[in-house]
Structures are given as structure tokens and as C-alpha cells.
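Notes for the structure review
One letter stands for each residue in the lines below.
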Amino acid sequence: MKTYAFAITFLCLIPFNFSSAQELQLTAKDSVVSSSWVLGLGYNIVDDSATPFGGDFLNIKETWHALPYPSSISIGRFFKNGLGIKAVGSYNKYDVGKKVDGAINTVERDYYAIDGMISYDLNKIIGETGWFDPFLQIGAGYSDIGSVGRTTANAGFGFNTWFNDKWGLNFNTMGKWGIEEGSTKQLQHSAGVVYRFGIEKELSKKGLEKLALIEENQRVSDSIAAAKKAEEEARLMAERLAQEKEKARLAAEEQARKDAENKKRTDLEHKIKDLGNVYFSLNSSYLSKPYKELLDKLAVLMEENPALTLKVGSHADSRGAEKYNQWLSEKRVKQTLDYLIGKKGIDASRLTGEGFGETQLVNDCDNITYCPESKHKLNRRSEFEVVAF
């Protein structure tokens, strides 16, 4: 009896797990930024009172120097292993009346600094939060204070708070120790806006656990669907092969038809070309006996090919006025068409014609070039073009 109860319970759990697998999915909250570039813009505060970690540490009014506008810019690259490198440029002013190097500052001085830092993300130790990134940093820099430079060794800490994957706030403090003998210590605090780009993300610990559960549930659903998928793929493959075979057959038939048409056109064009053109005497549209015989042969060819349709193009040589030559070429077209239609009985619907005057010379015998009669004659012609067959 217990065995039956266990089996019924197991069968009831299968659909429950399957539906849970479909509802379970990764979201943006399951991943964190693992590496990125970070651009920062903010304010910086300098404490150069000579003993910033002593009694003056919180004596803000007398020791802190700050500007009322953004005065610090940074660019950094942060890696999956928690390490990061960052370059920081900052500008400030040492105010008159505040303590600098243990004495009251009497002259306003410009402060410029550039620092290179290596940082380590403490989330790699304490656990990923996604929105809060505390870090430690060390490095070196160079400060120019009133045109007097000093090289410094730097160490500090800070944190970022992120509103989303791209935007956040940065707060950090650096102690700067002058490397040269006689140099004093200084503190530099900064706060500002940071922007991440070139982002790479990876799953958080909870995201990895959820992914493992999704994959396990997916394997169950995949095994259920595998047989149907294989059957459907086989059916689609068979249909695709049949379609491709039919497509290839139709393409072969179409190509054979086109080849036959092209061959027929070529044969007809060769036969018409072999007949030659009809040529006319100067200033004449009269068809002489040899060219009537040529048209007789052309009429026979058209009778043998009832679907053959031709266009007759007639021309004149360059001698004479253009309008006259145009008129003459149109008369030559008419004479040619009238002979084929009236004398040989070719249906008029199978013939069209156009006169081109002297616009399509076959040689260089234009109005300014001397040519013998034999060359001019080549331009006084009717020629034939296959339109349909």
C-alpha cells in the first residue's frame, strides 16, 4: 500500500516540476558586473596641514581646501579577479589663511595632481552585493603645488554605490606621502559620479544556483520533447528534400526551355543576317530587283515561322538636309513594309517599322567627312530586328 502511495505522489510531482521549470528564469538581478571601464567626475578636497592624521584630521575649516565646482576626473579598468587600475587627474587651490605644511598659508597656490592607482575589490572577500563596492588602493603620483613638485606614494580606501549597471557614486580617501626627504604628508578626499561602460557581466552565486536548477529542469523537459522533435525534424527533412527535388526539376525544365528559345532566336537572327540588308539608290526609296528577291526570301522565312515578328529600321546617308533624310528613311520603311505586306501577304501585325534618317550611320561618312559612293551606300538601308518568334 505504501508503494502505491509513493508512486502516485511521484507522478503528481512530475507536472509540478515541469511547470516550475517553465516559470523559473534568470533575471537582471541574478547577474553582476564582473569587469568594466569606469569614468568618474567629481570634487576633491586636499588636507596638506603636515600632520593630516593628527589633531587636525577633522579641523575642516582650517585645513581643507576645496573648489565649488567639479575638479577631479578619473578613468579606470576593473577586472574579474577584483584588481583594477585607475588614473586620476585633479585640480585645487590652497587658500590663504589655512594651514599648509604646518604653517599658515599666505599666498593662494594652484594645486595639480596626477595619480596612478591599483585597487582591489573587497567584495571578492566579503561576498558580492551588486550595489556596494568597497575597495583598497595603493599607487603613486605627482603633485605640483605653486610650481613646486613632489612625488608621492599613495594608499587609501573607498567605495562605489551603484544605482544601476552604469551609474553610481564614488567616495574615496588617499593618503599621499612625499617620497623625497623633507616632503610632508597630505590627504586627498574625493566624491563624485561614476559611469561604467565596456561592461562584462557574470552570474552571482544565487544566479548560478538558479541556473543549475533551470538546467536540471530543462533536461527533464528536453527528454520528454526529444522524440517528438526527432520525428518532426525527419518529416520536415523529407518535405524539404521533396521540395528541393521538385524545384531542381522545374529549374531544369525552365533552363531547357530558355536554351531552346535562345537557340531558336539565334538561328533566326543568323538566317536574317545571312540574307543581308536592303540597300537603296541615292535619293530613292525604290526597291530594285535584287532586294525584292531578298524580301521574297525573308517572306518565306516568316511563313515558315508563323510567330516571327520583325521590326524594320530604315536609314539614309548623311548627304542632304536632316529633315529630308528623315522623310526619305520613312519612305524606305513604307516601301519595305508595303512589299512584304501587299506583295507577299505577310500579316501587318507581324511587322513594325521606324525611320532613323541619318542618325545611325554605320561608318564615319558624316557631313564633314569625304567618302566614296561605295561607303555612302552602306548607310542607305533597311535592316531587320527580331522582336518575337
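Residues numbered from 1 in each chain as written. Predicted model: local features only at pLDDT ≥ 70, side-chain atom pairs only at ≥ 80, totals over all residues. Heavy atoms only, no water.

Summing up its helical and strand segments, the chain has seven helices and 15 strands in all. Based on the C-alpha atoms only, the size of the chain along its principal axes is roughly 130 × 95 × 30 Å. For the chain, the residues scored as buried account for 34% of the 389 residues in total. Within the chain, contacts between residues at least 6 apart in sequence are counted, and of these 66% link residues at least 24 apart. For the chain, the accessible surface area stands at approximately 23600 Å², while carbon and sulfur atoms represent 61% of it. Where the 51 positive side-chain charges of the chain centre and where its 53 negative ones centre are 5 Å apart. (Helix = DSSP H or I, 4+ residues; strand = E, 2+ residues; numbered from the N terminus. Buried < 20%, exposed > 50% of the residue type's maximum accessible area, 1.4 Å probe, protein only. Contact = heavy atoms within 4.5 Å. Areas by Shrake-Rupley, 256 points an atom, 1.4 Å probe, with all protein chains shown as cover. Lys, Arg positive; Asp, Glu negative; His and termini not counted. Charge placed at Lys NZ, Arg CZ, Asp CG, Glu CD.)

We now examine helix α6 (residues 322-343). Here α6 spans 31 Å end to end across 22 residues, near enough to the 32 Å set by a 1.5 Å rise per residue. Those residues of α6 that fall on the buried side of the exposure criterion are Asn-325, Leu-328, Ser-329, Arg-332, Val-333, Thr-336, Leu-337, Tyr-339 and Leu-340. Considering only its buried residues, α6 is in contact with α5 (289-304), β13 (309-314), β14 (351-355) and β15 (381-388). Once α6 ends, the next one or two residues include Gly-345, with phi positive near 75°. (Expected span 1.5 Å × (residues − 1).)

What follows deals with the pattern of salt bridges. Applying the stated criterion across every chain yields a total of 26 salt bridges. Note that Arg-319 and Glu-373 form a salt bridge whose closest N and O atoms lie 2.9 Å from each other. Of this pair, Arg-319 sits in the loop between β13 and α6 while Glu-373 sits in helix α7 (residues 373-377), placing them 54 residues apart in sequence. A relative accessible area of 30% places Arg-319 in the partly exposed class. For Glu-373, a relative accessible area of 39% translates into the label partly exposed. Two residues, Asp-364 and Lys-375, come together in a salt bridge whose shortest N-O distance is 3.4 Å. In this pair, Asp-364 sits in the loop between β14 and α7 while Lys-375 sits in helix α7, placing the two residues 11 residues apart along the sequence. When its relative accessible area of 46% is taken as the criterion, Asp-364 is described as partly exposed. A cluster of three or more residues bridged by salt bridges with shared partners is formed by Asp-317, Arg-319, Glu-373 and Arg-380. (Salt bridge = Lys/Arg side-chain N within 4 Å of Asp/Glu carboxyl O.)

Moving on, we come to the state of the cysteines. This model, assessed by the stated rule, comprises one disulfide. With a sulfur-sulfur separation of 2.1 Å, Cys-365 is cross-linked through a disulfide to Cys-371. The S-S bond linking Cys-365 to Cys-371 shows a torsion near -100°; that makes this disulfide left-handed. With relative accessibility at 7%, the residue Cys-371 sits in the buried group. (Disulfide = S-S within 2.5 Å.)

Within this numbering scheme, the UniProt entry marks residues 224-271 as carrying the feature "coiled-coil region" (unreviewed entry). The distance from the first to the last C-alpha atom of residues 224-271 is 71 Å, and the span holds 100% helix and 0% strand. (UniProt positions renumbered as here; feature names shortened; annotations may be inferred.)

With that settled, the discussion passes to the UniProt feature "domain: OmpA-like" (unreviewed entry) in the chain. Residues given the UniProt feature "domain: OmpA-like" (unreviewed entry) here are residues 267-389. Secondary structure content for residues 267-389 is 42% helix and 17% strand, and the end C-alpha separation is 11 Å.

It is at 10 Å that the axes of α5 and α6 come closest, and there the two elements cross at 50°. By the angle between their directions, the pair α5 and α6 is classed as oblique. Seen along the crossing, α5 lies across α6 with a hand that is right-handed. Residues Lys-292, Leu-295, Asp-296, Leu-298 and Ala-299 of α5 form the contact with α6, whose own contacting residues are Thr-336, Tyr-339 and Leu-340. (Axes fitted to C-alpha atoms, helices over the stretch in contact; angles between N-to-C directions. Parallel < 35°, antiparallel > 145°, perpendicular 65-115°, else oblique. Left-handed = near helix turned anticlockwise from the far one by under 90°.)

Quick look at the environment of Asn-164 now. By the element assignment, Asn-164 lies in the loop between β9 (148-162) and β10 (167-178). Residue classification places Asn-164 among the partly exposed residues on the basis of a relative accessible area of 38%. In terms of polar contacts, Asn-164 uses its side chain to reach the backbone amide nitrogen of Lys-166, at 2.9 Å. A distance of 2.8 Å separates a polar atom in the side chain of Asn-164 from the backbone nitrogen of Trp-167. (Polar contact = N/O pair within 3.5 Å; in protein donor to acceptor, adjacent residues only side chain to side chain.)

Read across the open sheet, the four strands follow the order β12-β15-β13-β14; overall the sheet is mixed. The open sheet has two free edges, formed respectively by β12 (278-279) and β14, since each of these has just one partner strand. Here β13 runs beside β14; their pairing, made up of five bridges, is parallel. When the bridges of β14 are listed, Leu-310 appears paired with Leu-351. The strands that α6 touches are β13, β14 and β15; relative to β14, the one it contacts most, it runs at about 165°. (Pairing = 2+ DSSP bridges.)

Turning to the nonpolar core, a few remarks are in order. Judged by nonpolar contacts, the single largest core of 24 residues is most densely connected at Val-278, Leu-295, Leu-298, Leu-310 and Phe-384. Going through the elements one at a time, α4 (205-275), β12, α5, β13, α6 and β15 are the ones with two or more residues in this core. A total of seven residues in this core trace back to one element, the largest contributor, which is α5. In this structure Val-278 touches Leu-287, Tyr-291, Leu-294, Leu-295, Arg-380, Arg-381, Ser-382 and Phe-384, once residues within four positions along its chain are discounted. Counting residues in hydrophobic clusters, the runner-up holds six residues, among them Val-46, Val-100, Tyr-111 and Ile-145. (Core = buried A, V, L, I, M, F, W, Y, C linked by side-chain atoms within 4.5 Å.)

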